[in-house]
Amino acid sequence: MATLLRTDGTQKKDISIVGLKRLQDLVGGYIEVVNLTDGRILIVNEEGLLLKLPFNEQASDLSSRPLVGDVILCKNSELN
């Protein structure tokens, strides 16, 4: 199951990500999918930079790009 990577460095594992509303609630807004090289994905707040959300070190390390806000880490197949 999916993991929520919080900006404070904590993680919440085995979260439910069924439905668009649930995804939006977890990241705090419209979603954007970031593909990772290992086949997993990150689901981020599409407007996170505009909203000046806090930096997410865990997600940024995984994606090799700066990401902000709480981020969902999961397999692509979990969205189907």
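Residues numbered from 1 in each chain as written. Predicted model: local features only at pLDDT ≥ 70, side-chain atom pairs only at ≥ 80, totals over all residues. Heavy atoms only, no water.

## Notes on the pairing of strand 5 (residues 71-75)
Here is step 1: Burial runs high along strand 5: 4 of the 5 residues are buried.
Here is step 2: As paired strands, strand 1 (residues 2-5) and strand 5 are joined by 3 bridges and run antiparallel to one another. Paired with Leu4 across the two strands is Ile72, which belongs to strand 5.
Here is step 3: Here 4 bridges tie strand 4 (residues 40-45) to strand 5, and the two strands are oriented antiparallel to one another. Note on strand 5: the bridge partner recorded for Ile43 is Ile72. (Buried < 20%, exposed > 50% of the residue type's maximum accessible area, 1.4 Å probe, protein only. Helix = DSSP H or I, 4+ residues; strand = E, 2+ residues; numbered from the N terminus. Pairing = 2+ DSSP bridges.)

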